[in-house]
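# Topology and contacts: notes
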Amino acid sequence: MKLLRGQSASSRARSILAYRGGMSRISLRGSSHLDLLATLPVHAIRLLFIFVFAIGANLSFAGVPKPVIDIAKPGSKCLAPPEVMRRTHMSMLLHQREKTLRLGERGAKVSLEGCIECHANKSNGSVLGSNQNFCQTCHAYVAVKVDCFECHQPSTGMVKTAGTKP
Amino acid sequence: MSEETTPDAAAVRDPARRAFLGVSATAAAAAAGFVALAPGVRLMELAQAQSSYPAAGQFASSKIRWGMLIDTTKCATGCTDCVTACNKENAIEPGSGRPAQSSQWIRKIELTEQAGGHRELSLPMMCQHCANPPCVDVCPTGASFKRADGIVLVDRHICIGCRYCMMACPYQARSFVHEPLHDQNPEVPRGQGCVESCTLCVQRIDRGQGPACVEACTQAGHGAMIFGDLNDPAGEIAKRIATTASSQVRADLRLDPGVRYQGI
């Protein structure tokens, strides 16, 4: 997964504003201390503006829609409380995939298929598709690419084949 | 796989232990007044046939060596039942108008003996699940690996699509996925940019079933393919190999393939 490390939407906005706010002009000109003293009030006002802007950007989050959780089987219990799942689901899946693929452990509690079975959307039976779908909605919100479904099946639609013993 | 990564021996999926447990369960059920469904049929087996995995904590056992025996005298020329079954099970579809690029996990080969009476021969060719797999030797990332029970797989999570393994495989068993895929089988994740090959239907084996190709061949009445544990002397495959001559394709390379052929 490609993480934009440690950056929330608000901190990104703040850093962009700070950069554009002309703070780097002093060093660009190679100016003296005198220059700095003379322009101090101007910089102070600019800084104040930046602060106001940053706070404003923080409060008005209208541009980034909040995640919408619409799941097929609500109410059924997940493996851990939501706050734990939000932080650790990726490492849970990472560790289990090694066990499943390389060691052949099946039927483990942690499974991507298990995620999909509960969290698929009511309308299209998938965790992807629009920003109303479980995986996509949060991953869009935090700007983290979800690579799982380039190979894994994101929907519950396909029926598993049954067969006979060897 | 190294021995260190093998989990606790007690937790290993061991057929002998399983059989013992099964027998004792039947005995217990009989003692408790339950009636067996039919001779040799137990609820447990029925449940396993209904596509359920064993409980968590059981791992592939190094005591098992999964293998296949193909009787080419029973393999009909022009019959592609195994290929069709494989494509269906693993959701392999021909690429968008470019069959040369589409994945091929199993293919039929037709041979004609040049000398004598021009004997015709037909056989399925797929990943031979070597004990000493050259694809695993050459893989630069460790994506190509051999499971404890002898199944050679690709870990797509770390495959970088370099295709070294395709060059190394003397059986040309591996394919590269050139285009984005959709509608995969949930149990068989496949995707663009990775190399893939026959998995012996590992998802079915872990449920206690056999590969789809073998099942199709048996159901169609050909009976040219049998699947089982090469290490189990009581199993049909080991018995057949012990009593009838069988050969390995490119035995000179000493790769010890898990797929054996009869009649070639």
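Relevant structure appears above.
Residues numbered from 1 in each chain as written. Chains lettered and ligands numbered in written order. Predicted model: local features only at pLDDT ≥ 70, side-chain atom pairs only at ≥ 80, totals over all residues.

## Side note on the pairing of strand 8 (residues 225-229) of chain B
Residues and elements named next belong to chain B. This is how the line gets drawn: Each residue is classed by its C-beta neighbour count within 10 Å, where at least 20 other C-beta atoms makes it buried, 12 or fewer makes it exposed, and intermediate counts make it partly exposed; the C-beta atoms are placed from backbone geometry. Under the scheme used here, helices are H or I runs from DSSP no shorter than 4 residues and strands are E runs no shorter than 2 residues, and both carry numbers assigned from the N terminus. In this scheme, strands are said to pair when DSSP sees at least two bridges between them.
Buried residues dominate strand 8, accounting for five of its five residues. The pairing of strand 1 (residues 66-71) with strand 8 spans five bridges and is antiparallel. Along strand 8, the bridge assignment pairs Gly67 with Gly228.

## A look at the nonpolar core
A general tendency of soluble globular proteins is for nonpolar side chains to be buried together. Cut-off, in case you're wondering: Buried Ala, Val, Leu, Ile, Met, Phe, Trp, Tyr and Cys residues form a nonpolar core when they are connected through C-beta atoms within 7 Å. With C-beta atoms placed from the backbone, a contact is any residue pair whose C-beta atoms sit within 7 Å.
If you look at the biggest cluster of nonpolar residues, it comprises 51 residues, and the most contacted ones within it are Ile70, Cys82, Cys86, Cys213 and Met225 of chain B. Among the elements that line this core, the one with the most residues is helix 7 (residues 212-219) of chain B, at five residues. Filtering out sequence-adjacent residues up to four positions away, Cys86 of chain B remains in contact with Ile92, Trp105, Ile106, Ala212 and Cys213 of chain B. Formed by nine residues, the second largest nonpolar core is a distinct cluster that contains Cys115, Ala120, Phe134 and Cys135 of chain A.

## Observations concerning the sheet that holds strand 1 of chain B
Hydrogen bonds between backbone groups are what pair the strands of a sheet, and the pairing can be parallel or antiparallel. Residue and element names in this part refer to chain B. Condition: Angles here are taken between N-to-C directions and fall from 0 to 180 degrees, while the axes themselves are lines fitted to C-alpha atoms, restricted in helices to the stretch in contact.
In space, the three strands of this open sheet follow the order 8-1-9, with mixed pairing throughout. Looking at which strands have only one partner, the edges of the open sheet turn out to be strand 8 and strand 9 (259-262). Pairs of neighbouring strands in the sheet enclose a mean axial angle of 20 degrees, with direction left out of account. The sheet contact formed by strand 1 and strand 9 spans four bridges and is parallel. Following the sheet pairing, Ile70 is matched in strand 9 by Tyr261. The strands that helix 8 (residues 236-243) touches are strand 1, strand 8 and strand 9; relative to strand 8, the one it contacts most, it runs at about 110 degrees.

## What about unusual backbone geometry?
Residues and elements named next belong to chain B. In the Ramachandran plot, Gln172 falls in the positive-phi region, its phi being about 50 degrees despite a non-glycine side chain. Looking at the secondary structure, you find Gln172 in the loop between helix 5 (164-168) and strand 6 (175-176). According to the C-beta neighbour criterion, Gln172 is exposed, with 12 such atoms within 10 Å. Positive phi outside glycine occurs at Arg254, with the angle close to 55 degrees. Structurally, Arg254 is set in the loop between helix 8 and strand 9.

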